[in-house]
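The chain contents come next:
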Amino acid sequence: MKILTVVCLLLLFWGFFVEPGIIVIKKYKIKNEDLKKCRAVFVSDFHIAPWQKKRLKRIVKLINKQNPDIVFSAGDFVRGYSPNKTLPIENIADELSKIKTKHGFFTVLGNHDWWQNGAQIRDVLTEHKITVLENSSVKLKIKNQNITIAGIEDLQTRIPDTEKALRHADTTTILLTHNPDPFFELDSTVFLTLAGHNHGGQVQLPFFGALIVPSSSGRRYANGLFKINNNRLLVTKGLGNSIMNVRFCCPPEIVVIDFV
């Protein structure tokens, strides 16, 4: 009985005080001739608390270490529901502006961003040369190929419009969405959709998976790379936590995508 108690206490200590501070680099190789030899870094759900400026600096340092050609984000830069629960967006954006990338930093906003002040967060990120996409798209030339980067508004707090976002997407397209659920309603072919929001459930149990996932698709798409018909969905576990500062068998991650 004593041994069981000690084990339980150690697991709780790990889940609440150790694993939330870990950052792993999760790598994927995805085949695409237009993007061949391009490296993308994908991050989401920062949820930076007022006392986590050093963690944010570490995140930026790790991203730069990957030497990305382009950086994507699915939003939720801030934490909680009120300004006193998060590091100010000005500080967050200032640190993120130190990310070195050849083709830019592109993002959408998440539900936490809009629960606080989405318009302000959008404007501050834009001032720091981070492109915020809201039911819109941009075209880039990467490795001498034309690429479309599209982004839709958050499903929970705004009105996502994939049709509008993809209106001019006549090339290889990468779609950013905070919540993965709009992926399942896509009418057109999108090479790759990048999403966050789920945090991988934050707690995953061996042989079972995520306990709770805030998605209409349930635990099946909590995190990972999926291919459905001709569309691919990549859901990251994210970097921060919401509701409870806990992670178990679900460490925060920075995603690196090497196109081959």
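Keep in mind the model is a prediction, meaning the values are calculated, not measured.

Draft legend 1. Structural view of helix α5 (residues 118–127). Turning to α5, its buried residues number three or more, namely G118, I121, V124 and L125. Burial along α5 is one-sided: seen end-on, the buried residues are contained in an arc of 130°. Each element contacted by the buried residues of α5 is listed here: α3 (89–96), β4 (105–107), α4 (111–116) and β5 (131–132). Phi turns positive, to about 65°, at K129, one or two residues after α5.

Draft legend 2. How the structure looks around the pattern of salt bridges. Scanning the entire structure with this criterion turns up 7 salt bridges. Within the structure, one salt-bridge network assembled from shared partners comprises K57, E95 and K98.

Draft legend 3. Region of interest: the packing of aromatic side chains. Considering all chains together, one arrives at 7 aromatic pairs under this definition. Here F46 and F77 contribute two aromatic rings whose centre-to-centre distance is 5.2 Å and whose plane-to-plane angle is 10°, an arrangement assigned as stacked. Note that F46 is positioned in the loop between β2 (39–43) and α2 (53–65) and F77 in the loop between β3 (70–73) and α3, a separation of 31 residues in sequence. Neither F46 nor F77 differs from the other in exposure class; each is buried. An aromatic cluster is built from F183, F184, Y221 and F226, whose rings are joined through pairwise contacts. Its end group placed over the ring of Y28, K26 keeps NZ or CZ at 5.5 Å from the ring centre.

Definitions and limits used
Residues numbered from 1 in each chain as written. Predicted model: local features only at pLDDT ≥ 70, side-chain atom pairs only at ≥ 80, totals over all residues. Heavy atoms only, no water. Buried < 20%, exposed > 50% of the residue type's maximum accessible area, 1.4 Å probe, protein only. Helix = DSSP H or I, 4+ residues; strand = E, 2+ residues; numbered from the N terminus. Arc of directions from axis to C-beta. Contact = heavy atoms within 4.5 Å. Salt bridge = Lys/Arg side-chain N within 4 Å of Asp/Glu carboxyl O. Phe/Tyr/Trp six-rings, centres within 6.5 Å; stacked < 30°, edge-to-face > 60°. Lys NZ or Arg CZ within 6 Å of the ring centre and 35° of its normal.

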